[in-house]
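# Chain and residue survey
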Amino acid sequence: MEREAVLAAFRDLTGRDAETAAYAPGRVNLIGEHTDYNEGFVLPAAIDRGVALAARRVSGDAFTLHAVDLRESCTFGRSSLERDGRYPWADYFKGVVWALANRGFSIPACEVAVTGDIPRGAGLSSSAAYEVAAVLLCQSLGGLDLPAQEIAKLAREAENGFVGVACGIMDQMAAVFGEKGRALLLDCRSLAREAVDIPSGIKIVVVNSGVRHSLAGSEYNTRRAQCDEGVRLLSVSLPQVGSLRDVAPEALVRLLPDLPPVVAKRCWHVVLENARVHEAVAAMRSGDLAQLRTLMAASHFSLRDDYEVSCPELDILVDLALAQPRCHGARLTGAGFGGSTVNLVEAEAVESFSRAVLAGYRERSGRSADVHVFEPSAGARSL
Ligand code: GLA
């Protein structure tokens, strides 16, 4: 997303030049799904698509937002920060103003243009990108100097406390700390991070199923509650367990029969998925592509069977991808219930892979998908 594009959009809409602008990328998660809110491990990469905001201070107390791509605008006062079903896209910015106000930071009233090029509803975290870019923009408007980790945390507070989605911190951390050409191994408890190179010659290919993840809100929160229930029950025998991150697979095997069946399945997914993240990092570092493929497939099957967040369309896409000889990993990415799959494909095979998967998908699901090849990219920045 070009700096010039958002500045030009601002000028067109308002007739004036913006004072400041910010950008944050979306993300694709390679492995480690539904582990972040269990204080576990994830391996996302920021992508070369994102959300850009440009702004200028105005007198008075009203904020005006323009959604460039939707051709909609809305105005709200600082004292009436509430969600508005007519302009759901504005909630993310309001959420950031709200989260900053909770920390005692007051942002000057301003006029803002928002634009982006992340496919929406595809599970690529356009909302986290928007929130992170909004925090950066507000930081510049308000003359604040926030540490990078605080930017990610504030963005998540906006999503949790204002927008009302109880997401973990993976997406916001990826949007802030993304690196060119690399994925990010993130410990969601300590927030320690390590960059992991994408194996050479491999492209990250995202296939959007076209199924919008509409169930995501309520089902997502249900999964979280089931994990919390697992922690509560397991900590009776294992008092040191504060989250599923603390449970070893061997200990869980012993205690599974004591758990309600659904809770047992959810815990099994999370505990093994955490282990798979470390194994996948080792496989990427040693160039063991066969092992990477096995781990990503195991992640998908676990999300399908134990965590129950896949859908027939995503299963078809993974099945088709795994039938391609030069594909070294395929799984659903993000919360699930629709959205996209992530595939690791040899650069020279991307075209034949795309052709085969798109044709097979049309035949088996009656739907059309779209394919994106993303470059792992740097994180958020002021423009
Ligand atoms: C969504 C949430 C993330 C994470 C994933 C599942 O993208 O925003 O915090 O929980 O789902 O891994």
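## So, the pattern of salt bridges
With the rule as written, the count across this model stands at 27 salt bridges. A salt bridge links D171 to R27; its shortest N-O distance comes to 2.7 Å. A residue pair is termed long-range when its members are at least 10 positions apart, and D171 in helix 5 (residues 170-177) and R27 in strand 1 (residues 20-29) qualify at 144 residues. With its nearest N and O atoms 2.7 Å apart, the salt bridge here joins R103 to E150. Here R103 is found in the loop between helix 2 (91-102) and strand 6 (110-116), whereas its partner E150 is found in helix 4 (residues 148-163), with 47 residues between them in sequence.

## Regarding the site of the ligand
Taken together, R27, E33, H34, D36, Y37, C167, G168, M170, D171, Y220, G334 and A335 make up all the residues around the ligand. The contact in question runs from an oxygen atom of the ligand to an N or O atom on the side chain of E33, over 2.7 Å. Measuring from an oxygen atom of the ligand, one finds a backbone N or O atom of H34 at 2.7 Å. Here the ligand loses 92% of its free accessible area of 310 Å² to cover by the protein chains. The class makeup of the residues in the shell around the ligand is five nonpolar, three polar and four charged. No fewer than three residues from each of domain 1 (3-198) and domain 2 (202-374) sit in the shell around the ligand.

## Focus on the nonpolar core
Counting 79 residues, the largest nonpolar core has L30, L43, L53, F93 and V112 as the members making the most contacts within it. The element best represented in this core is helix 3 (residues 126-141), accounting for ten residues. A domain-level breakdown of this core finds at least three residues from each of domain 1 (3-198) and domain 2 (202-374). Setting aside its immediate chain neighbours within four residues, L43 contacts N29, L30, I31, A183, L184, L185, V196, V277, V281 and M284. The next biggest cluster of nonpolar side chains, apart from the first, holds 27 residues, and it includes A251, L255, V263 and C311.

## Quick notes on the packing of helix 10 (residues 312-322) against helix 11 (residues 350-365)
Two numbers describe how helix 10 lies on helix 11: the axes approach to 9 Å, and their chain directions differ by 140°. Classed by the angle they form, the pair helix 10 and helix 11 counts as oblique. Between helix 10 and helix 11 lies a crossing of right-handed hand. Judged by residue contacts, E313, I316, L317, D319, L320 and A321 of helix 10 engage F353, V357, G360, Y361, R364 and S365 from helix 11. Per-class residue counts for the contact of helix 10 with helix 11 are seven nonpolar, two polar and three charged.

## Some thoughts on the domain arrangement of the chain
Along its sequence, the chain is carved into domain 1 (3-198) and domain 2 (202-374). Domain 1 and domain 2 are separated by 25 Å when their C-alpha centres are compared. The junction of domain 1 with domain 2 conceals about 3,400 Å² of combined surface from both sides, 61% of it contributed by carbon and sulfur atoms. At the boundary of domain 1 with domain 2, the tally comes to four salt bridges. Among the salt bridges present, the one from E194 reaches R285, with a minimum N-O distance of 2.9 Å. Top contributing element to the side of domain 1 that touches domain 2 by residue count: strand 8 (residues 193-197), with four residues. Among the residues forming the side of domain 1 that touches domain 2, the class breakdown is 17 nonpolar, ten polar and eleven charged.

## Considering the environment of S127
Mapping S127 onto the fold places it in helix 3. Given the relative accessible area of 22%, S127 is considered partly exposed. For the pair S127 and R156, spaced 29 residues apart in sequence, the C-alpha to C-alpha distance is 10.0 Å. Dropping the residues within four chain positions of it, S127 is found in contact with Y92 and E159.

## Side note on the sheet that holds strand 11 (residues 340-346)
The four strands are arranged 10-11-9-12 in an open sheet whose pairing can be described as antiparallel. Among the strands making up the open sheet, the edge pair consists of strand 10 (327-333) and strand 12 (370-374). Each strand of the sheet is rotated relative to its neighbour by a mean of 25°, with strand direction disregarded. The pairing of strand 9 (residues 202-208) with strand 12 spans five bridges and is antiparallel. What sits directly across from N208, in strand 12, is D370. Its contacts with the sheet place helix 11 against strand 9, strand 10, strand 11 and strand 12, and it is angled at close to 20° to strand 9.

Rules used in this analysis
- Every residue gets a number counted from 1 within its own chain, in the order that chain's sequence is written.
- In keeping with the predicted nature of the model, local features appear solely for residues at pLDDT of at least 70, side-chain atom pairs appear and are counted solely at 80 or more, and the whole-chain, interface and lining totals rest on all residues.
- The side-chain numbers reported here are obtained from all heavy atoms of the structure, hydrogens and water having been left aside.
- By definition here, a salt bridge exists when the distance from a side-chain nitrogen of Lys or Arg to a carboxyl oxygen of Asp or Glu is within 4 Å.
- Under the DSSP-based scheme used, a helix requires at least four consecutive residues in state H or I and a strand at least two consecutive residues in state E, with every element numbered from the N terminus.
- Only heavy atoms are used to decide nearness, and a residue is near a molecule or strand if one of them lies within 4 Å of it.
- N or O atoms within 3.5 Å of each other form a polar contact, as long as, within protein, one can give a hydrogen and the other can take it, and as long as residues adjacent in sequence are counted only when both atoms are side-chain atoms.
- For accessible areas, the Shrake-Rupley method is used with a probe of radius 1.4 Å. Any residue's cover is judged against the shown protein chains and nothing else.
- By the convention adopted, Pro, Cys, Tyr, Trp, Phe, Met, Ile, Leu, Val and Ala count as nonpolar, Lys, Arg, Asp and Glu as charged, and the other residues, Gly among them, as polar.
- Segmentation into domains, and thus their bounds, comes from an automatic or database assignment.
- Among the buried residues, those of types Ala, Val, Leu, Ile, Met, Phe, Trp, Tyr and Cys that are joined through side-chain atoms within 4.5 Å form a nonpolar core.
- Exposure is judged per residue with a 1.4 Å probe applied to protein chains only, and the accessible area is read against the type maximum: over 50% gives exposed, under 20% gives buried, and values in between give partly exposed.
- Here, two residues are considered to be in contact whenever any of their heavy atoms come within 4.5 Å of each other.
- Helix axes are fitted only over the stretch in contact, all axes being lines through C-alpha atoms; the angle between N-to-C directions runs from 0 to 180 degrees.
- The labels follow the angle: roughly parallel below 35 degrees, roughly antiparallel above 145, roughly perpendicular from 65 to 115, and oblique for the rest.
- A clockwise turn of the near helix away from the far one marks a right-handed crossing, whereas an anticlockwise turn of less than a right angle marks a left-handed crossing.
- Summed over both partners, the accessible surface that disappears when two parts come together, traced with a 1.4 Å probe, is what is meant by buried area.
- Any two strands with at least two DSSP bridges between them are considered paired.

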